[in-house]
Amino acid sequence: MIHTRWAELPPVKKVKCVHTNAKKYTVDRVLTPGKVYEVKNETEEFYFIVDNLGKVGGYYKDYFKEA
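Because the structure is predicted, anything quoted here is derived from the model rather than measured. (Residues numbered from 1 in each chain as written. Predicted model: local features only at pLDDT ≥ 70, side-chain atom pairs only at ≥ 80, totals over all residues. Heavy atoms only, no water.)

Draft legend 1. Summary view of the pairing of strand 1 (residues 13–17). The pairing of strand 1 with strand 2 (residues 36–42) spans four bridges and is antiparallel. Pairing of Lys14 across the sheet is with Glu38, part of strand 2. Pairing of strand 1 with strand 5 (residues 64–66) involves three bridges; the strand directions are antiparallel. Bridging from a neighbouring strand, Lys16 pairs with Lys65 of strand 5. (Pairing = 2+ DSSP bridges. Helix = DSSP H or I, 4+ residues; strand = E, 2+ residues; numbered from the N terminus.)

Draft legend 2. A look at the sheet that holds strand 1. If you trace the five strands from one edge of the open sheet to the other, you get 4-3-2-1-5, paired in antiparallel fashion. Looking at the sheet topology across the chains shown, the edges are occupied by strand 4 (56–60) and strand 5. Strand after strand, the sheet turns through a mean of 45° between neighbouring axes, direction not considered. Where strand 3 (residues 46–50) and strand 4 come together, five bridges link them in antiparallel fashion. (Axes fitted to C-alpha atoms, helices over the stretch in contact; angles between N-to-C directions.)

Draft legend 3. A look at the nonpolar core. The biggest cluster of nonpolar side chains holds 12 residues, and these are Val15, Cys17, Val27, Val30, Leu31, Tyr37, Val39, Tyr47, Ile49, Tyr59, Tyr63 and Phe64. When residues of this core are traced back to their parent elements, those giving at least two are strand 1, strand 2 and strand 3. Setting aside residues no more than four positions away along its own chain, Val30 makes contact with Tyr37, Asp51, Asn52, Leu53 and Tyr59. (Core = buried A, V, L, I, M, F, W, Y, C linked by side-chain atoms within 4.5 Å. Buried < 20%, exposed > 50% of the residue type's maximum accessible area, 1.4 Å probe, protein only. Contact = heavy atoms within 4.5 Å.)

Draft legend 4. Layout of the side chain of Asp51. Following the sequence through the fold, Asp51 ends up in the loop between strand 3 and strand 4. No salt bridge is formed by the buried Asp51, whose closest oppositely charged neighbour, Lys55, lies at an N-O distance of 7.7 Å. Filtering out sequence-adjacent residues up to four positions away, Asp51 remains in contact with Val30, Tyr37 and Tyr59. (Lys, Arg positive; Asp, Glu negative; His and termini not counted. Salt bridge = Lys/Arg side-chain N within 4 Å of Asp/Glu carboxyl O.)

Draft legend 5. Structural view of the packing of aromatic side chains. Evaluation of the coordinates by the stated rule reveals six aromatic pairs. Judged by centre distance (6.4 Å) and plane angle (45°), the rings of Phe46 and Phe48 are tilted. Note on Tyr63 and Phe64: the rings are 6.4 Å apart at their centroids and 75° apart in plane angle, and the pair reads as edge-to-face. No difference in accessibility class separates Tyr63 from Phe64, as the two residues are buried. Taken together, the ring pairs connect Tyr37, Phe46, Tyr47, Phe48, Tyr60, Tyr63 and Phe64 into an aromatic cluster. (Phe/Tyr/Trp six-rings, centres within 6.5 Å; stacked < 30°, edge-to-face > 60°.)

Just geometry here; none of it tells us what the structure is for.
This is how it looks when you write it as structure tokens:
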């Protein structure tokens, strides 16, 4: 299962968080606007990044722009 090793893998690319205005979920505790994050994996709808807690989490792409 590759998702168990995402934190150890080199980043695919880097993205910059542009906002944390989530409609449904609280993301302002784990993302910081203006901070650049390493993308470990990407799907059509989500980036899987190492967040402020040091864990890999999946977040909608609309919170980010490519750095």
